[in-house]
Amino acid sequence: KRETATILALLSSAYPYAKVTKETAAMFHEVWKDLSFEDCQQAVGATVRTSEMFPSAALIRKEVLRQKGLMSLSSAEAWGEVMSQVRDIGRYGRPQFRSQTVTETVQAIGWREFCDSENQGVLRAHFMKMYDKMAEEHDRQVLLSPALGLGVGNATLSIEAGQAVETDGFQA
């Protein structure tokens, strides 16, 4: 809880009109308990640079997970990755994506559709709409995961893209 208090003090100095109660501090600690102190500090630094309003605990949590590469790509980034695979491996290759959400969206539409489509604009719109729905659910699951392996002891989480994240957690 000492680390949570330190981060809330940083936020209070950046947003001097914000009032942080004991109850608020307890809730922030609960939301961040599986994240490392250092990761939260970095996320607070990024958030203070981009937000004019005192951030919620969820916003800081989302920023930590974004910096760790656990949140979904934007639909434009995902589309770019798919088009890169279309150019690189073509119709008969086996595409590999860094995101399970991109893989699932491509599988739902069909790889050959991407390679053979004569109307890329319609396909792009369809892909982006479908991807956004799938990414929203993926991100929700990531945000709600109670022990992400980002700091519970020195736990390691195998990320869907194959990378691993290891950190130290907040002390209770």
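Whatever comes next refers back to the structure up there.
Residues numbered from 1 in each chain as written. Predicted model: local features only at pLDDT ≥ 70, side-chain atom pairs only at ≥ 80, totals over all residues. Heavy atoms only, no water.

A.B. asks: Tell me what's going on with the packing of helix α3 (residues 37–50) against helix α4 (residues 57–67), and back it up with residues and numbers.
C.D. replies: The N-to-C vectors of α3 and α4 enclose an angle of 105°; their axes lie 9 Å apart at closest approach. In terms of axis orientation, α3 runs roughly perpendicular to α4. Within the contact between the two elements, α3 uses Asp39, Cys40, Gln42, Ala43, Val44, Ala46 and Thr47 and α4 uses Leu59, Ile60, Glu63, Val64 and Gln67. (Axes fitted to C-alpha atoms, helices over the stretch in contact; angles between N-to-C directions. Helix = DSSP H or I, 4+ residues; strand = E, 2+ residues; numbered from the N terminus. Parallel < 35°, antiparallel > 145°, perpendicular 65-115°, else oblique. Contact = heavy atoms within 4.5 Å.)

A.B. asks: An account of α4 is needed here, citing residue identities and associated values.
C.D. replies: Within α4, burial applies to Ala57, Ile60, Arg61, Glu63, Val64 and Leu65. Of the surrounding secondary structure, the elements contacted by the buried residues of α4 are α2 (22–32), α3 and α8 (120–144). (Buried < 20%, exposed > 50% of the residue type's maximum accessible area, 1.4 Å probe, protein only.)

A.B. asks: Tell me about the packing of helix α6 (residues 100–109) against α8, residues and numbers included.
C.D. replies: It is the contact of α6 with α8, at a shortest axis distance of 9 Å, that shows an interaxial angle of 135°. Compared by their axis directions, α6 and α8 come out oblique. Crossing angle aside, the handedness with which α6 passes α8 is right-handed. Listed contacts from α8 to Thr101, Val102, Glu104, Thr105, Val106, Ala108 and Ile109 of α6 are Leu123, His126, Phe127, Met130, Tyr131, Met134, Ala135 and His138. Of the residues that constitute the contact of α6 with α8, the class distribution is ten nonpolar, four polar and one charged. (Left-handed = near helix turned anticlockwise from the far one by under 90°. Nonpolar A, V, L, I, M, F, W, Y, C, P; charged D, E, K, R; others polar.)

A.B. asks: Can you tell me about the packing of aromatic side chains, naming the residues and giving the values?
C.D. replies: Applying the stated criterion across every chain, the model contains nine aromatic pairs. Here tyrosine 15 and phenylalanine 54 contribute two aromatic rings whose centre-to-centre distance is 5.8 Å and whose plane-to-plane angle is 75°, an arrangement assigned as edge-to-face. With tyrosine 15 in the loop between α1 (2–14) and α2 and phenylalanine 54 in the loop between α3 and α4, the pair connects residues that are 39 residues apart, well separated along the chain. Judged by relative accessible area, which is 8%, tyrosine 15 ranks as buried. On the accessibility criterion, phenylalanine 54 (27% relative accessible area) is partly exposed. Summarising the aromatic geometry, the rings of phenylalanine 127 and tyrosine 131 are spaced 5.8 Å apart at their centres and angled 15° between planes, so their arrangement reads as stacked. Of this pair, phenylalanine 127 and tyrosine 131 both sit in helix α8, four residues apart, which is roughly one turn of the helix. Tyrosine 131 matches phenylalanine 127 in its accessibility class, with the two residues each being buried. (Phe/Tyr/Trp six-rings, centres within 6.5 Å; stacked < 30°, edge-to-face > 60°.)

A.B. asks: Could you give an account of the pattern of salt bridges, naming the residues involved and the relevant values?
C.D. replies: Summed over the entire model, instances satisfying the criterion amount to six salt bridges. The partner of aspartate 34 in a salt bridge is arginine 61, with the nearest N and O atoms 2.8 Å apart. Taken together, the positions of aspartate 34 in the loop between α2 and α3 and arginine 61 in helix α4 put the pair 27 residues apart, joining distant regions of the chain. (Salt bridge = Lys/Arg side-chain N within 4 Å of Asp/Glu carboxyl O.)

A.B. asks: Before we move on, could you go through the nonpolar core and cite the residues and values that matter?
C.D. replies: Core analysis: the biggest nonpolar cluster contains 18 residues, and Ile7, Leu11, Trp32, Leu35, Cys40 and Leu65 have the highest contact counts within it. Counting residues per element, the ones that place at least two in this core are α1, α2, α3 and α4. If you look at the next biggest cluster of nonpolar residues, it comprises 16 residues, including Met83, Val102, Trp111 and Phe114. (Core = buried A, V, L, I, M, F, W, Y, C linked by side-chain atoms within 4.5 Å.)

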